[in-house]
Amino acid sequence: MLTDRDPYVKKNLGQFAIGDGLLRYYPDKVLGRLNKWIVINDENARWNLAKIFSSAEGMKYIVRAEGIIITLLNDERYKVKKAIHSNLNKVRKKEPELFGKLAIKMDS
């Protein structure tokens, strides 16, 4: 479903189903799966991965998923870059201590 282009799937899969749902109850399994999904070079798949970290639950795991975050930041597609930058800015504002633990440095 990561590559599904249906608007309903796109809107709900990453942030809600995976981010706030599965990640809350199965963090180790989901983070392990993210390491497998990140090799999918599809714009929608990568966008969904980025959206996982926009959820309240997803933010908690952003440091553990830093390698995935870096991969998403290096993606050349505008939609993916915009999603991950937006999420990181959200973390920087809502959870500055957590953001400070990241080795990632961003421009304002």
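In what follows, the structure referred to is the one given above.
Here's a quick rundown of the structure. Every chain is numbered on its own, with residues counted from 1 as its sequence reads. Predicted model: local features are reported for residues with pLDDT of at least 70 only, side-chain atom pairs are reported and counted for 80 or more only, and whole-chain, interface and lining totals are derived from all residues. Calculation of side-chain values draws on the structure's entire complement of heavy atoms; hydrogens and water are dropped beforehand.

A run of H or I in DSSP becomes a helix once it reaches four residues, and a run of E becomes a strand once it reaches two; helices and strands are each numbered from the N terminus. Here Leu13 lies in helix H1 (residues 7-25). Burial classes follow relative accessibility: with a 1.4 Å probe on protein chains only, a residue under 20% of its type's maximum area counts as buried, one over 50% as exposed, and anything between as partly exposed. Leu13 sits in the buried class, given a relative accessible area of 13%. Linking Leu13 and Leu49, residues 36 residues apart in sequence, is a C-alpha distance of 9.2 Å.

Turning our attention to the packing of aromatic side chains. The description of an aromatic ring pair rests on the distance of the ring centres and on the angle between the ring planes. The pairing test for Phe, Tyr and Trp rings, Trp by its six-membered ring, is centres within 6.5 Å, and the orientation test on the planes gives stacked under 30 degrees, edge-to-face over 60, and tilted for anything in between. Under the defined criterion, the tally for this structure stands at 0 aromatic pairs. We call a charge positioned over a ring when the NZ of a Lys or the CZ of an Arg lies within 6 Å of the ring centre and within 35 degrees of the ring normal. A cation over an aromatic ring shows up here: Lys10 above the ring of Trp47, its NZ or CZ 5.3 Å from the ring centre. Cation over ring: Lys79 sits above Trp47, and NZ or CZ is 5.9 Å from the ring centre.

This part is about the packing of H1 against helix H2 (residues 27-37). Interaxial angle, 0 to 180 degrees, is taken between N-to-C directions of lines fitted to C-alpha atoms, where a helix line uses only the stretch in contact. The N-to-C vectors of H1 and H2 enclose an angle of 120 degrees; their axes lie 5 Å apart at closest approach. Judged by the inter-axis angle, H1 sits oblique to H2. Seen from H1, the contacting residues are Ile18, Leu22, Leu23, Arg24 and Tyr25; seen from H2, they are Pro27, Val30, Leu31 and Trp37. By residue class, the composition of the contact of H1 with H2 is 8 nonpolar, no polar and 1 charged. If an angle is under 35 degrees, it is roughly parallel; if it is over 145, roughly antiparallel; if it lies from 65 to 115, roughly perpendicular; otherwise it is oblique. Residue contacts follow a heavy-atom distance rule, with two residues in contact if any of their heavy atoms lie within 4.5 Å. We call Asp, Glu, Lys and Arg charged. Ala, Val, Leu, Ile, Met, Phe, Trp, Tyr, Cys and Pro are nonpolar, and the rest, Gly among them, are polar.

It is worth spelling out the nonpolar core at this point. Grouped together as the largest cluster of nonpolar side chains are 32 residues, with contacts concentrated most on Leu34, Phe53, Ile62, Ile69, Leu72 and Leu88. Put simply, the parts of the chain that give this core at least two residues each are H1, H2, helix H3 (43-52), helix H5 (66-73), helix H6 (78-94) and helix H7 (96-100). By nonpolar core is meant a set of buried Ala, Val, Leu, Ile, Met, Phe, Trp, Tyr and Cys residues that side-chain atoms within 4.5 Å join together.

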